[in-house]
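# Commentary on secondary and tertiary structure
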Amino acid sequence: MSIVTVQLGQCGNQIGHEVFNAICGDVRGTHGLCSKKENESYRDACKERFFSEEESEVPVARAVLVDMEPKVISQTLSIAARSGYWKYDDRSHFCQKQGSGNNWANGYSVHGPRHKEVIMNLVQKEAEKCDRLSGFFTMMSMAGGTGSGLGAFVTQCLRDAFPTSFILNHVIWPYGTGEVIVQNYNSVLTLSHLYQSSDALLVHENDVIHKICAQLMNIKQISFRDVNQVIAHQLGSVFQPTYTAESGLHYSRNPLGDLMETLVPHPEFKMLGLRNIPQMPENSLAYSTFSWPGLIKHLRQMLIANAKMEEGIDWQVRPPRLGSSIPSSHSTNKPLHFNTSIANLVILRGKDMHSVDLGSFRDPSLYTSWLNPQDAFNAWKTPRAFNKYEKSASLVSNSQFLLKPLDSVVGKAWNMFASKAYIHQYTKFGIEEEDFLDSFTALEQVISSYAIL
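Note that the coordinates shown come from a computational prediction; the quantities given were computed from them, not determined experimentally. (Residues numbered from 1 in each chain as written. Predicted model: local features only at pLDDT ≥ 70, side-chain atom pairs only at ≥ 80, totals over all residues. Heavy atoms only, no water.)

Once that is clear, we can look at the sheet that holds strand E1 (residues 2-8). Across the sheet, which stays open at both edges, the ten strands sit in the order E6-E4-E1-E7-E8-E9-E10-E13-E11-E12 with mixed pairing between neighbours. The sheet is open, and its two borders are formed by strand E6 (93-95) and strand E12 (377-382), each paired with just one other strand. Between one strand and the next, the sheet's axes are offset by a mean angle of 20°, whatever the strand orientation. Summarising the sheet, strand E11 (residues 341-350) and strand E13 (residues 391-399) pair through nine bridges and their orientation is antiparallel. Counterpart to Ala343 in the pairing with E13 is Asn398. Across the face of the sheet, helix H1 (residues 9-28) comes into contact with E1, strand E4 (63-67), strand E7 (133-141) and strand E8 (166-173) while running at roughly 140° to E1. (Pairing = 2+ DSSP bridges. Helix = DSSP H or I, 4+ residues; strand = E, 2+ residues; numbered from the N terminus. Axes fitted to C-alpha atoms, helices over the stretch in contact; angles between N-to-C directions. Contact = heavy atoms within 4.5 Å.)

Next up, the structure:
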């Protein structure tokens, strides 16, 4: 089954390009470290998922590119075409000249309705090219105007036009220090609207990826491209083909459906976080060896201690003993704070992955009490190595990973709202104070649901 990617705004288009690059580079690589037959079925599954074959022999990305200014899209199209390994369809993009000025309301209330027909026609054409449609993968930032406002509008349109297809929104969480003064307003409005129409939100935090670039990748002067490449690597590690428990001897055919079934057991809980190990500069790989028990031990501790990467994990955090009531002081004591999960998915890529013991992820004390731990944990595997790492493991987690950042964004936005700062910028495009209050209420509900796990 195929996934149609919808790239929205500057951030969405730049990351989307890096994702297709990473996927294409992985499929072309000779580093698969597996049998020829295995490599071929992996390649076929990947191509069906992300590319359509045209007469030109060059794979064409199943993607629609949308932005309210032309610069980024024209760059993205030409860089992809010049690579010679894949390209975008020349007819699958839409851009305007005026931008959204970092204003969510402008993207949502003005550009969205004005250009709805053209954008949805492009999406419809891409969907019709698929023999079987798994769903939509949208990419956007929460901070600006086009990705966030237009992105939220387009997601609602997708839900209306394709009521039975899966929609996964990939959302970039802005830097805490901020690039845009109204980014917290834009974030609150985006998240609350996506929560209504999306099946799940897969979130990357800019601050976290920046740290990975600095501390793990040893990059001295970090550019947006460096950040985007780390994000693309992490996304590829999830969306490239794998064997699931149900798919047996064939690569899973319905990646988005499998992801939702595994990780989103209740519509109140749809915030997914992603962790991936190992991550290091390419020139260090030759000197590094990895063992599965070591990788799994680190990944599990990253989960329970809510660590963003494999460096600086707090090894003091332990799961609560089942049956013991946690004293109330425990939850406020930060170093001991334990990250409770609803559901987790571990993805293993590389040799000997069948021998890996994942029992530590099945520990009932990791999970909320209302889900059977057998249902709450799943593993996908493939002997095919990913992107030059002979062994790699990814964790997609529906847990309290995003509770703190969400609480912080809502708090900052509420402080501005209480003093009516910048509200006039939104009301002039038809987003009233009532709309803000509805968004705050919706997100407060999400925060409290995750907090009491």
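Still to come is the rest of the account.
Turning next to the packing of H1 against helix H2 (residues 36-50). Between H1 and H2, the least distance of the axes is 10 Å, while the angle of their chain directions is 160°. The angle between H1 and H2 falls in the class roughly antiparallel. The element H1 and its partner H2 pack so that their crossing is left-handed. Contact residues: H1 offers Phe20, Ile23, Asp26 and Val27, while H2 offers Tyr42, Arg43, Cys46 and Phe50. Among the residues making up the contact of H1 with H2, the classes are represented as six nonpolar, no polar and two charged. (Parallel < 35°, antiparallel > 145°, perpendicular 65-115°, else oblique. Left-handed = near helix turned anticlockwise from the far one by under 90°. Nonpolar A, V, L, I, M, F, W, Y, C, P; charged D, E, K, R; others polar.)

Per the stated rule, a full pass over the model turns up 13 salt bridges. For Arg159, the salt bridge identified is with Asp199, shortest N-O distance 2.8 Å. Placement of Arg159 in helix H5 (residues 146-161) and of Asp199 in the loop between helix H6 (183-197) and strand E9 (200-205) is noted, with a sequence separation of 40 residues between them. For Arg159, a relative accessible area of 18% puts it in the buried group. Each of Asp89, Arg91, Glu126 and Lys129 takes part in salt bridges that share partners, so that together they form one network. (Salt bridge = Lys/Arg side-chain N within 4 Å of Asp/Glu carboxyl O. Buried < 20%, exposed > 50% of the residue type's maximum accessible area, 1.4 Å probe, protein only.)

Next up on the list: the pairing of E11. Among the ten residues of E11, ten are classified as buried, and the element is accordingly described as predominantly covered. Inspection of the sheet shows E11 paired to E12 by six bridges, in the parallel sense. Pairing of Leu348 across the sheet is with Lys381, part of E12.

Let us now look at the sheet that holds strand E2 (residues 51-53). Taken in spatial order, the three strands make up an open sheet running E2-E3-E5, and their pairing is mixed. In this open sheet, the two edge strands, each paired with only one partner strand, are E2 and strand E5 (87-88). Sheet topology places strand E3 (residues 59-61) next to E5; two bridges connect them, and they run parallel. Note on E5: the bridge partner recorded for Ala61 is Tyr88. On top of the sheet, H2 reaches E2 and E3; it is set at about 100° to E2, its chief contact.

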